[in-house]
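# Tertiary structure, described
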Amino acid sequence: PTGPTRRDGITDAGLAHFQEAYPGEPITKEDLFYYVYGVLHSPEYRERYADNLGKELPRIPRAPTVEAFRAFVTAGRALGELHVGYESVPEHPARVEGPAKPTPTQLRVEKMKFGKGKDKTVVHYNAFFTVRDIPLSAYEYVVNGKSAIEWVMERQAVTTDKASGIVKDANAWATETVGDPRYPLSLLLRVITVSLETMKIVGALPSLELGD
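What comes next is a walk through the structure.

Definitions and cut-offs
Residues numbered from 1 in each chain as written. Predicted model: local features only at pLDDT ≥ 70, side-chain atom pairs only at ≥ 80, totals over all residues. Heavy atoms only, no water. Salt bridge = Lys/Arg side-chain N within 4 Å of Asp/Glu carboxyl O. Helix = DSSP H or I, 4+ residues; strand = E, 2+ residues; numbered from the N terminus. Buried < 20%, exposed > 50% of the residue type's maximum accessible area, 1.4 Å probe, protein only. Phe/Tyr/Trp six-rings, centres within 6.5 Å; stacked < 30°, edge-to-face > 60°. Lys NZ or Arg CZ within 6 Å of the ring centre and 35° of its normal.

## Details of the pattern of salt bridges
Applying the stated criterion to the full structure yields 15 salt bridges. A salt bridge links arginine 77 to glutamate 30; its shortest N-O distance comes to 3.1 Å. Residue arginine 77 is located in helix H5 (residues 66-84), and its partner glutamate 30 is located in helix H2 (residues 29-39); the two are separated by 47 residues in the primary sequence. In this structure arginine 77 comes out as partly exposed when scored by relative accessible area, which is 27%. Each of the salt bridges in this network shares a partner with another, and the network as a whole consists of Arg95, Glu97, Arg132 and Asp133.

## Comments concerning the packing of aromatic side chains
For the structure shown, the criterion picks out nine aromatic pairs. Consider the rings of phenylalanine 18 and tyrosine 35, whose centres lie 5.4 Å apart with planes at 65°: the pair is edge-to-face. Taken together, the residues phenylalanine 18 in helix H1 (residues 12-21) and tyrosine 35 in helix H2 connect sequence positions 17 residues apart. Residue tyrosine 35 is classed as buried on the basis of its relative accessible area, which comes to 0%. With centroids separated by 5.0 Å and ring planes inclined at 40°, the aromatic side chains of tyrosine 22 and phenylalanine 69 adopt a geometry described as tilted. Taken together, the residues span a long stretch of sequence, with tyrosine 22 in the loop between H1 and H2 and phenylalanine 69 in helix H5 at a distance of 47 residues. Given a relative accessible area of 4%, tyrosine 22 falls into the buried group. In this structure an aromatic cluster arises from ring pairing among Phe18, Tyr22, Tyr35, Phe69 and Phe72. A cation over an aromatic ring shows up here: lysine 120 above the ring of tyrosine 139, its NZ or CZ 5.4 Å from the ring centre. The lysine or arginine in question, lysine 146, covers the ring of tryptophan 151, its NZ or CZ lying 4.4 Å from the ring centre.

So, to be careful, I would describe these as geometric facts and stop short of saying anything about function.
See below:
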């Protein structure tokens, strides 16, 4: 057969290691994949292994009970769907001030900025649009040391590389590739939703009982 071949990233030995912990429980490699994704979002896990995670591959502990294992599988699956499908989640119903029927020019973004005094409940999208009433808890979802919202603000902009002089224009991507000049604003609102939903799932994760 031609075409891409799907290969498991989880070894048989890794699967057996977890099956051994929960005798009689039908655990698949897909279960284990989502379990790992759930565990990697656990605040308890991140705090316990903070020193190790920056230096070596993560070591994944076995949950203390099969119920906890299944809870992490369920959470990991929900997080995976949320993070992969971030462009299709509903926009957060923040208060968006701006023209009701904006032109592409009015939707053009150069650099988003926080409100006065770095008020993170407010994002000035451009001279025409301002997003207000952003929950501060949304900024708790952090990716590589920065909130997901701030990653969007940084990337959905117009920047010039100092070395090459190459201009990166998020508006060009929005209009030419996505076909929607509102895409950067929509993405900001969707990532607020993703951030809030992520923290809701993370907040409900069970303990791994890692100890000291």
